[in-house]
Amino acid sequence: MQTYHIAVLKGDGIGPEIVEQAMKALKQAGQKFGFAIEFQEALLGGCAIDQTGVPLPQETVDICKAADSTLLGAVGGPKWDSQPGSNRPEKGLLGIRSALGLFANLRPAIIFPELRSASPLKEEIIGDNLNVLIVRELTGGIYFGERGRCTENGVEAAYDTEKYSVPEIERIVRVAFQMAMKRSKKLCSVDKANVLESSRLWRATVERLSNDYPEVAVSHLYVDNCAMQLVRNPKQFDVIVTSNMFGDILSDEASMISGSIGMLASASLSAGKSGLYEPIHGSAPDIAGTGKANPLATILSGAMMLRYSLDQPEAADAVETAVSAALKKGRTCDIAAQNLPVLNCTEMGDLVCSLI
Ligand code: NAD
């Protein structure tokens, strides 16, 4: 029987509670589809600072690098807010992303039909099954470019630089084309090519690569227009690919459309097959230990792992279908519905497992 080795970084706050549910769901999917999963836990974030003095121990990096894939909860909390910037839990997060060479961030914005009323958009705008995938470049662009402060003619100034090389653009755009091929073969590339030179190179590279994916219908949008279109007519999108900063902003906007932070999964991929899978929300210290945490974003991150890193698309479908079915039977309190029982984190995890 195929056995997958998964590194597990539960992290802080609600991290351990929600990751526990995702581990159960992955095990259950394995039982149903004939593969085994072995988990190895490692420390990241505040819990790592408490036990080792640093947010990202080398042992954690080694465990994640040796694993087939990594599942992460969330890190941080008020307990570590007084730590110096270089030793905060978030440093561990940035550190593990860079140690694993994760250059592609995949953020699906999905609205399950059962949760349509949670969206701030009108139901006729979101339609029946909104499912947009934003592919964001994660290790280049303005967040990593040359920056500095200077004085010009006696006036203080600061600058940041957006720079992308062709290989950097090619590798993220190829990921997006491959995702589009697995979905509805529609890709929208977002840039600001009317103003930025780096965007003109981005657009030309997308155009050139589109020759390798003749089945995919490619369109281009300026980022300001895309921000408008996401709330005006989000159904027009399937896969969106964009740079680091534009993706940062657009993926948060797209997340808001779904209306419930406890439902949104994400994946970060490297050149190899492994990757890091995590919910988009934080460690929610305000509800940690109360059983109120919604584990579905983490369970859905596990489904993404099954699809993108473990090549188990049927198991991924089964987990996603089980989540959808669970929403008809019970809800955690963040997405409570009048006519359905309120479940705690463990009960929701058990319900999903029973439906896989
Ligand atoms: P948050 O996402 O943790 O919480 C925002 C709000 O959403 C809170 O009211 C919280 O209770 C609620 N919430 C979040 N996840 C939920 C879930 N699964 N179920 C039910 N409710 C949920 O954001 P924050 O409060 O700004 O940050 C808290 C801590 O998390 C901070 O230390 C921050 O640095 C850290 N953080 C970590 C990550 C990460 O690990 N990737 C991301 C964002 C924030």
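Residues numbered from 1 in each chain as written. Predicted model: local features only at pLDDT ≥ 70, side-chain atom pairs only at ≥ 80, totals over all residues. Heavy atoms only, no water.

(A) Layout of the domain arrangement of the chain. Along its sequence, the chain is carved into domain 1 (1-102 + 260-356) and domain 2 (120-258). At the interface, seven residues of domain 1 touch seven residues of domain 2. The contact between domain 1 and domain 2 buries some 680 Å² in all, and 63% of this surface belongs to carbon and sulfur atoms. Its largest share of buried area at the contact with domain 2, domain 1 owes to Leu102, Leu264 and Tyr308, together 51% of the area lost on that side. Counting across the interface, domain 1 meets domain 2 through zero salt bridges. For the pair domain 1 and domain 2, the number of links is one residue pair in polar contact (both at pLDDT 80 or more). (Domains from an automatic or database assignment. Contact = heavy atoms within 4.5 Å. Buried area = accessible area lost by both parts, 1.4 Å probe. Salt bridge = Lys/Arg side-chain N within 4 Å of Asp/Glu carboxyl O. Polar contact = N/O pair within 3.5 Å; in protein donor to acceptor, adjacent residues only side chain to side chain.)

(B) Molecular detail of the sheet that holds strand 12 (residues 275-279). On the basis of which strands lie adjacent, the open sheet formed by ten strands has the order 2-1-3-12-11-4-5-10-8-9 and mixed pairing. Only two strands of the sheet have a single partner each, and these edge strands are strand 2 (35-41) and strand 9 (217-222). If you compare each strand with its neighbour and ignore which way they point, the axes differ by 25 degrees on average. Both strand 8 (residues 186-191) and strand 10 (residues 239-242) contribute to a ladder of four bridges, which runs parallel. In the strand pairing of strand 10, Val190 is matched with Thr242. Those strands touched by helix 9 (residues 244-258) are strand 4 (104-110), strand 5 (131-137), strand 8 and strand 10, and its axis lies near 160 degrees from that of strand 5. In this fold helix 10 (residues 296-308) packs onto strand 1 (2-11), strand 2, strand 3 (69-74), strand 4, strand 5, strand 11 (265-269) and strand 12, with an angle of close to 155 degrees to the strand it touches most, strand 12. (Pairing = 2+ DSSP bridges. Helix = DSSP H or I, 4+ residues; strand = E, 2+ residues; numbered from the N terminus. Axes fitted to C-alpha atoms, helices over the stretch in contact; angles between N-to-C directions.)

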